[in-house]
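Notes for the structure review
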Amino acid sequence: MRLIRIFVLYTALIVGANAATAETDLTAIDALRTGDMAKLVLSQTPESAPDGLLLDATDGEHHLSDWQGKFLLVNFWATWCAPCRAELGALDRLQADMGGDGFEVVTVATGRNPVAAIKKLFADEGISHLPILRDPDQTFARDMGVLGLPITVLIDRDGREVARLIGDAAWDSAEAKALLTAFKTENRP
């Protein structure tokens, strides 16, 4: 079922479909899909995201449900992925500007990403607001239907995937912030 959903999302991206969620009128959000945000594919019917197991830098266990009640930007990346590395600075600035009670940037290094390499990259790039979270066996990435990197998934306060962006983006741009603000303030029943 998840692969069918991912196929539909990718197909929608290719044909430029402007889908909307069943509960919400997303006309205003769709109008904000400019610049890099034009690549964002909105979910027609939001489905619950899996509650994946994530490891921090000291192998402490975390789950997506740890952020329940917040609007999440979940970014899948790897130390060896050049577009992923380039995107981290924008994600860090976004977290510094917008992170807090109602919104969080959750970055997930998926696959073989040694903690030492992540720490070195974060230090070299001045990344100080993002968590070090890992998905070493890629189980969470597979469960989320991540077929390449980077992939960013927007998850609403109820733990449902509402949108997905394939590739890198300027997440600290005015367009991205406007779109994310519209999403996170969206009142859902």
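Residues numbered from 1 in each chain as written. Predicted model: local features only at pLDDT ≥ 70, side-chain atom pairs only at ≥ 80, totals over all residues. Heavy atoms only, no water.

**As for the overall build of the chain**
Along the backbone of the chain there are six helices and eight strands. In sequence order, the secondary structure elements of the chain are arranged as α-α-β-β-β-β-α-β-α-β-α-β-β-α. Counting all 189 residues of the chain, 51% fall into the buried class. The contacts in the chain between residues at least 6 apart in sequence include a share of 74% that link residues at least 24 apart. (Helix = DSSP H or I, 4+ residues; strand = E, 2+ residues; numbered from the N terminus. Buried < 20%, exposed > 50% of the residue type's maximum accessible area, 1.4 Å probe, protein only. Contact = heavy atoms within 4.5 Å.)

**Some words on the confidence of the model for the chain**
Mean pLDDT over the chain stands at 87; residues scoring 70 or higher make up 85%. Low pLDDT (under 50) marks residues 1-24, which in the prediction has 51 contacts with non-local residues, meaning those over four places away or in another chain. (pLDDT = per-residue confidence, 0-100.)

**Some details on the pattern of salt bridges**
This model, assessed by the stated rule, comprises nine salt bridges. As a salt-bridge pair, Asp30 and Arg33 come within 2.7 Å of each other at their nearest N and O atoms. Judged by its relative accessible area of 14%, Arg33 is buried. Two residues, Arg160 and Asp156, come together in a salt bridge whose shortest N-O distance is 2.7 Å. With respect to class, Arg160 is no different from Asp156; both count as buried. The network of salt bridges with shared partners includes Asp156, Asp158 and Arg160. (Salt bridge = Lys/Arg side-chain N within 4 Å of Asp/Glu carboxyl O.)

**Here we look at the side chain of Asn113**
For Asn113, the position within the fold is in the loop between strand 5 (103-110) and helix 4 (115-125). Assessed through its relative accessible area of 6%, Asn113 is described here as buried. If we ignore the near neighbours within four places in the chain, the residues touching Asn113 are Trp77, Ala78, Thr79, Trp80, Ile118 and Arg134.

**Comments concerning the packing of aromatic side chains**
If you walk through the whole model with that rule in mind, you get four aromatic pairs. The interplanar angle of 20 degrees and the centroid separation of 5.5 Å between the aromatic rings of Phe71 and Phe183 together place this pair among those described as stacked. Separated by 112 residues along the polypeptide, Phe71 in strand 4 (residues 71-77) and Phe183 in helix 6 (residues 174-185) bring together distant segments of the chain. By relative accessible area, which is 1% here, Phe71 ends up buried. Plain terms: the ring middles of Phe76 and Phe140 are 5.5 Å apart, the flat faces sit at 40 degrees to each other, and that makes the pair tilted. Residue Phe76 is found in strand 4, and its partner Phe140 is found in helix 5 (residues 139-143); the two are separated by 64 residues along the sequence. Judged by relative accessible area, which is 0%, Phe76 ranks as buried. Within the aromatic cluster, the residues linked to one another by ring pairs are Phe71, Phe103 and Phe183. (Phe/Tyr/Trp six-rings, centres within 6.5 Å; stacked < 30°, edge-to-face > 60°.)

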